[in-house]
Amino acid sequence: MSVMDEYNFAYIDEQTKRMIRRAILKGLAVPGYQVPFASREMPMPYGWGTGGVQVSAAALTPDDRLKVIDQGADDTTNAVSIRKFFERTAGVATTEETSEATIIQTRHRIPEVELTEDQILVYQVPIPEPLRFLEPRETETRKMHSLEEYGLMHVKLYEDISRHGNIATAFAYPVMVNDRYVMDPSPIPKFDNPKMEMAAVQLFGAGREQRIYAVPPWTKVVSLDFEDYPFDPSKADHPCDLCGAEDSYLDEVILDDAGNRMFVCSDTDYCRSRREAGHEGRLAAETMA
Amino acid sequence: MYVAVKGGERAIDNAHAWLAEERRGDLSVAELSIAQIREQLSLAVNRVMAEGSLFDPDLAALAIKQSRGDLIEAIFLIRAYRTTLPRFGMTRPVETGEMRCDRRISATFKDAPGGQVLGPTFDYTHRLLDFKLAAEGEPVPVPEAEGRAEPTPHITEFLADEDLIQTEPRDDTEPRDITRQPMSYPADRATRAQALTRGDEGFVLSLAYSTQRGYAKNHAFVGELRIGMVDVEMEIPELGFAIDIGEVQLTECETVNQFKGSKTEPPQFTRGYGLVFGQTERKAISMALVDRALRWEELGEDDKGAPAQDEEFVLSHCDNIQATGFLEHIKLPHYVDFQSELELVRKMRREAADAAAAREAAQ
Amino acid sequence: MSTAATAALTGGFANPPVDAAHAFRATMDVMARPGEIRQLTQARPPAPLSVAAGTLILTLCDPETGLHLAGAHDTKDVRDWVAFHTGAPIVPAEAATFALGTWKALSPISRFPVGTAEYPDRSATLIVERAELGAAGATLQGPGIRETATLDLPEVAAFAANHRLYPLGLDFFFTAGSRVAALPRSTAVMEG
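Procedures and definitions
Residues numbered from 1 in each chain as written. Chains lettered and ligands numbered in written order. Predicted model: local features only at pLDDT ≥ 70, side-chain atom pairs only at ≥ 80, totals over all residues. Heavy atoms only, no water. Contact = heavy atoms within 4.5 Å. Buried area = accessible area lost by both parts, 1.4 Å probe. Salt bridge = Lys/Arg side-chain N within 4 Å of Asp/Glu carboxyl O. Polar contact = N/O pair within 3.5 Å; in protein donor to acceptor, adjacent residues only side chain to side chain. Domains from an automatic or database assignment. Core = buried A, V, L, I, M, F, W, Y, C linked by side-chain atoms within 4.5 Å. Buried < 20%, exposed > 50% of the residue type's maximum accessible area, 1.4 Å probe, protein only. Helix = DSSP H or I, 4+ residues; strand = E, 2+ residues; numbered from the N terminus. Pairing = 2+ DSSP bridges. pLDDT = per-residue confidence, 0-100. Patch = residues over 30% accessible without salt bridge, like charges linked within 9 Å, V, L, I, M, F, W, Y side chains within 5 Å. Areas by Shrake-Rupley, 256 points an atom, 1.4 Å probe, with all protein chains shown as cover. Lys, Arg positive; Asp, Glu negative; His and termini not counted. Charge placed at Lys NZ, Arg CZ, Asp CG, Glu CD. Axes fitted to C-alpha atoms, helices over the stretch in contact; angles between N-to-C directions. Left-handed = near helix turned anticlockwise from the far one by under 90°. Nonpolar A, V, L, I, M, F, W, Y, C, P; charged D, E, K, R; others polar. Phe/Tyr/Trp six-rings, centres within 6.5 Å; stacked < 30°, edge-to-face > 60°. Lys NZ or Arg CZ within 6 Å of the ring centre and 35° of its normal.

A. Representation of the interface of chain A and chain B in the model. Opposite the 65 residues of chain A that make contact, chain B presents 47 residues. Between chain A and chain B, roughly 4800 Å² of surface is buried when both sides are summed, and carbon and sulfur atoms account for 58% of that area. Linking chain A to chain B there are 6 salt bridges. With a shortest N-O distance of 2.8 Å, lysine 84 of chain A and aspartate 13 of chain B are connected by a salt bridge. Between chain A and chain B we count 22 residue pairs in polar contact (both at pLDDT 80 or more) in total.

Okay, structure coming up:
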């Protein structure tokens, strides 16, 4: 595919990239703090990864190998669309193999394979403010962060327990970063939360909400919980029906009108590589992939 | 049999091809030209320019054609294009007092210098479908008057001369550019005006309407509404003076609102202001009403808790490109987060059933 | 054209989008991993700027960022070069987004903005020019560091005091020749 010559490398103009890059550096210096940035109007809709795309564009070099996933999969339509955008505007190499990628842009998942220090994980974030659903006003939530006043969040989690017997948050489960800022990890399943203390740099971009934040490698990231109700990163209690993996996050697929189900890895690259290595799940023989 | 979803790229290409075919429609019907859209759907073009924040009728017409007439989609195309344009500099503020008015009305004075000029308005048309338009026809000749040579003064100036309306302090500080700096609150009036002038017409209209119905009521008279062309000037540092670089059509609305006053201050009318690209008077009037409602604090009024008084609510929801993007993103796959809730609900139901069984056994 | 005027026009990025992209990645790497040293080689700035400091300025500065030039770094050549390549306004310490100079010239660092409780990002980043930059020195702990790291710092007390302001505070780059390292405010600093 030819590179679009009429636009700058990675589409965004240099001054905008500098502005985004400065925000990324501040984000790394104050992990978990949401840095305001002058998000630009991108040629894809707000809510469809404009924040992640801007952060990736500011971080990309022509030597990178980019992987784009949505729901853990490389070939969901919006992942395809974003990957195509960078192939056209930056001419970068792309890959579906997690271990081959230098930058991974993701929506809603952290890959199953442990990331390395040579990798960058860029999250697409819809609502960066973890307190937003408790207090819709930016003027108020900004104050709460400045005063480290997170009582409201604990009250909410506690009310969940008294009403449901469980913390009723299953994704976008709030974390405390570096003992200072409560942060929204984006709508990843809570199963992924423990992976956030990783070797790779994690960058978060929220385009419509004009915020960038970051978690440097090995930063302390703790999922909020209570002593008597410890955080539980559980997932569906099944192995993958294709590759047999017991340790991966699963999508549920309805197979027929009788409502029969199968469970398959949400991380398509992980599942593929396991099947290539000879692992087989319950339904491996009767499925096509 | 389960087949892993593959071929997203081919699906997208096919969707785009089908979209192009639908856009063109029946091939036996002549294709629309950009010039036809620009000339004959000019109010749609104006809305796209206003909310797209780019004064270029040809590009707006192209965007309308490309978007199959979906104006928010057209606005989006213009915004995305606008972002990529280099900035050569800033123009001087336009002088709307020098506007060459096609339309100029005042609801507060029966007549004033410059007169009442109805211009090309729908106002007094009877909303009867005109079946003659269904057939092609030559336009009827329009009587033409001589244009006014001297500038048309603003109506509010006559009130200001008598000190009957608040004076707006001159402020030469460079306004924030909301497309280049992130929004922060509280926002000043210039920032609010920028957001409102490119805000969604329907949203701003409804908020303005809510103020008329008592949610932060502030009775507004249309002091003046004017539509016409103004010159755009730019300072050229190398020349040391400003030169004309073009002209734009604008709609300006100034409202005269309920007076305020106190024991120490004599009563005075207050103002709301709207200024929008193109012939867009519904939007300009709406903007003026919302502008006025947002000034409650500055004018020492009570916070009635009305939506139109709530700066953060208004400014963070008035942009239709942000709104439509986020609204429509919920059709993207959410298997992963949904699955996590599904598992949680199943687990909680299991626990509830177990607890109920245990209670029953105990009885 | 005079030699000095010509000098201002040279030494920029040969291929701005690509050079800036590579330079930023090294810059991001060091900020994400305090104590790590990387190379920044893309600029040819006038003396006394190091290649690394010049590259940082081209990568991060523009008309939206005030730059403070401290001590011997405040020369006409440097000002002309910065103006031509970045358009960054030269500002006093209190208004700086970035500041450039030797440690001695930048001190006392309490002059620079450290951000506000609501906006800790509204703080200055200091580019500290060093004669040499080595890995041996103070012990570092915090985000970006698995256990501990070490870095040769001009002193310890000032950086420890800066860290105590967290989440407010200054962030630092150290440059020598084409080498660069960083110390964000999040890093705890102890005598090595």
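Past the structure itself, the notes keep going.
B. Up close: the domain arrangement of chain A. Residue and element names in this part refer to chain A. According to the domain assignment, chain A contains domain 1 (14-223) and domain 2 (235-282). Taken residue by residue, the interface counts 14 residues in domain 1 and 10 residues in domain 2. Summing both sides of the interface, domain 1 and domain 2 together bury roughly 930 Å²; the carbon and sulfur share of this comes to 52%. Considering only the side of domain 1, the residues that lose the most area to domain 2 are Arg109, Glu112 and Phe191, jointly responsible for 44% of the buried surface there.

C. Structural context of the nonpolar core. By size, the foremost hydrophobic cluster in this structure holds 87 residues, and its most contacted members are Ile24, Leu28, Phe86 and Leu203 of chain A together with Phe173 of chain C. The element contributing the most residues to this core is helix 2 (residues 16-32) of chain C, with 9 residues. Discounting chain neighbours no more than four positions away, the residues touching leucine 28 of chain A are Val201, Leu203, Ala214 and Pro216 of chain A together with Met28, Met31 and Ala32 of chain C. Counting 29 residues, the second-largest nonpolar core is a separate cluster that includes Trp103, Val128, Val156 and Val189 of chain C.

D. Focus on the sheet that holds strand 4 (residues 125-129) of chain C. The strand order 1-8-7-4-3-2 (chain C) describes an open sheet built from 6 strands, whose pairing is mixed. Looking along the sheet, the strands with just one partner apiece sit at the ends: strand 1 (38-39) and strand 2 (67-69) of chain C.

E. Here's a closer look at the confidence of the model for chain C. Here chain C averages 95 in pLDDT, while 97% of its residues score no lower than 70. Across the predicted assembly, pTM comes out at 0.93 and ipTM at 0.97.

F. Main features of a nonpolar patch on the surface. Residue and element names in this part refer to chain B. On the surface, Leu239, Phe241, Ile243 and Ile245 cluster together into a nonpolar patch covering about 350 Å² of accessible area. With respect to the helices and strands, phenylalanine 241 occurs in strand 3 (residues 241-260). By relative accessible area, which is 44% here, phenylalanine 241 ends up partly exposed.

G. Spotlight on a negative patch on the surface. Among the surface-exposed residues, Glu95, Glu98, Glu157, Asp161 and Glu162 of chain B lie close enough to one another that they form a single negatively charged patch. One can find glutamate 95 of chain B in the loop between helix 5 (71-83) and strand 1 (100-105).

H. Layout of the pattern of salt bridges. Here the structure, examined in full by the defined rule, presents 70 salt bridges over all chains. Note that aspartate 64 of chain A and arginine 25 of chain C form a salt bridge whose closest N and O atoms lie 2.5 Å from each other. Placement of the pair is aspartate 64 of chain A in the loop between helix 2 (50-59) and strand 2 (65-70) and arginine 25 of chain C in helix 2, with the two residues belonging to separate chains. A salt bridge links lysine 67 of chain A to aspartate 74 of chain A; its shortest N-O distance comes to 3.1 Å. Taken as a pair, lysine 67 of chain A and aspartate 74 of chain A share a single burial class, namely buried.

I. Structural context of the sheet that holds strand 5 (residues 138-141) of chain C. Residue and element names in this part refer to chain C. The 3 strands are arranged 6-5-9 in an open sheet whose pairing can be described as antiparallel. A single partner strand is all that each edge strand has here, and the edge strands are strand 6 (149-151) and strand 9 (188-190). Averaged over all neighbouring strand pairs, the angle between strand axes comes to 35°, with direction disregarded.

J. A look at the packing of helix 7 (residues 189-197) of chain B against helix 9 (residues 281-294) of chain B. Residues and elements named next belong to chain B. Where helix 7 meets helix 9, the axes come as close as 10 Å, and the angle between the chain directions of the two elements is 145°. Handedness of the crossing formed by helix 7 with helix 9: right-handed. Of the residues in helix 9, those touching helix 7 at Arg189, Arg192, Ala193, Leu196 and Thr197 are Lys283, Met287, Val290, Asp291 and Leu294. Of the residues that constitute the contact of helix 7 with helix 9, the class distribution is 5 nonpolar, 1 polar and 4 charged.

K. Region of the structure containing the pairing of strand 8 (residues 201-206) of chain A. Residues and elements named next belong to chain A. Of all 6 residues making up strand 8, 6 are buried, and the element is well covered by its neighbours. Both faces of strand 8 are covered, namely the face carrying Val201, Leu203 and Gly205 and the face carrying Gln202, Phe204 and Ala206. As paired strands, strand 5 (residues 120-124) and strand 8 are joined by 5 bridges and run parallel to one another. Bridge pairing in strand 8 links valine 122 to leucine 203. Two elements, strand 8 and strand 9 (residues 211-215), share 5 bridges in a ladder whose sense is antiparallel. Looking across to strand 9, one finds that phenylalanine 204 is bridged to tyrosine 213. Adjacent in sequence and paired antiparallel, strand 8 and strand 9 are bridged by 4 residues, among which glutamine 210 carries a positive phi angle near 60°.

L. A look at the side chain of threonine 83 of chain B. Position of threonine 83 of chain B relative to the elements: it lies in helix 5. Judged by relative accessible area, which is 14%, threonine 83 of chain B ranks as buried. Those residues in contact with threonine 83 of chain B that sit more than four places away from it in its chain are Asp13, Arg40 and Glu41 of chain A.

M. Highlighting the environment of aspartate 74 of chain C. All names here are of chain C. With respect to the helices and strands, aspartate 74 occurs in the loop between strand 2 and helix 4 (76-85). Residues aspartate 74 and leucine 100 lie 26 residues apart in sequence; the distance between their C-alpha atoms is 8.8 Å. Residues contacting aspartate 74, with those up to four places away along its chain left out, are Leu69 and Arg79. At 2.6 Å, the side chain of aspartate 74 forms a polar contact with the side chain of arginine 79.

N. Just the environment of proline 153 of chain B, in detail. Residues and elements named next belong to chain B. Inspection of the secondary structure puts proline 153 in the loop between strand 1 and helix 6 (155-161). Proline 153 sits 57 residues away from threonine 96 along the chain, and the two C-alpha atoms are 9.3 Å apart. Setting aside its immediate chain neighbours within four residues, proline 153 contacts Arg104, Pro113, Arg148, Phe158, Glu224 and Arg226.

O. Region of the structure containing the pairing of strand 2 (residues 220-236) of chain B. Residue and element names in this part refer to chain B. Across 5 bridges, strand 1 lies against strand 2 in antiparallel orientation. Looking at strand 2, one finds that arginine 104 is bridged to arginine 226. Inspection of the sheet shows strand 2 paired to strand 3 by 16 bridges, in the antiparallel sense. Among the inter-strand pairings, aspartate 231 is bridged to a residue of strand 3, identified as glutamate 247. As consecutive antiparallel partners, strand 2 and strand 3 are separated by 4 residues, and within that stretch glycine 240 has a phi angle of approximately 80°, a positive value.

P. Region of interest: the packing of aromatic side chains. Scanning the model with the defined rule gives 14 aromatic pairs over all chains in all. Look at phenylalanine 204 of chain A and tyrosine 213 of chain A: their rings are 4.6 Å apart centre to centre, the planes differ by 5°, and that puts the pair in the stacked class. By the burial criterion, phenylalanine 204 of chain A is buried, and tyrosine 213 of chain A matches it. Ring geometry for phenylalanine 172 of chain C versus phenylalanine 174 of chain C: centroids 6.3 Å apart, planes at 10°, classification stacked. By relative accessible area, phenylalanine 174 of chain C is classed as buried at 0%. Every member of this aromatic cluster is reached through a ring pair, and the members are Trp103, Phe159, Phe172 and Phe174 of chain C. Over the aromatic face of phenylalanine 326 of chain B sits the side chain of arginine 208 of chain A, whose NZ or CZ is 3.6 Å from the ring centroid.

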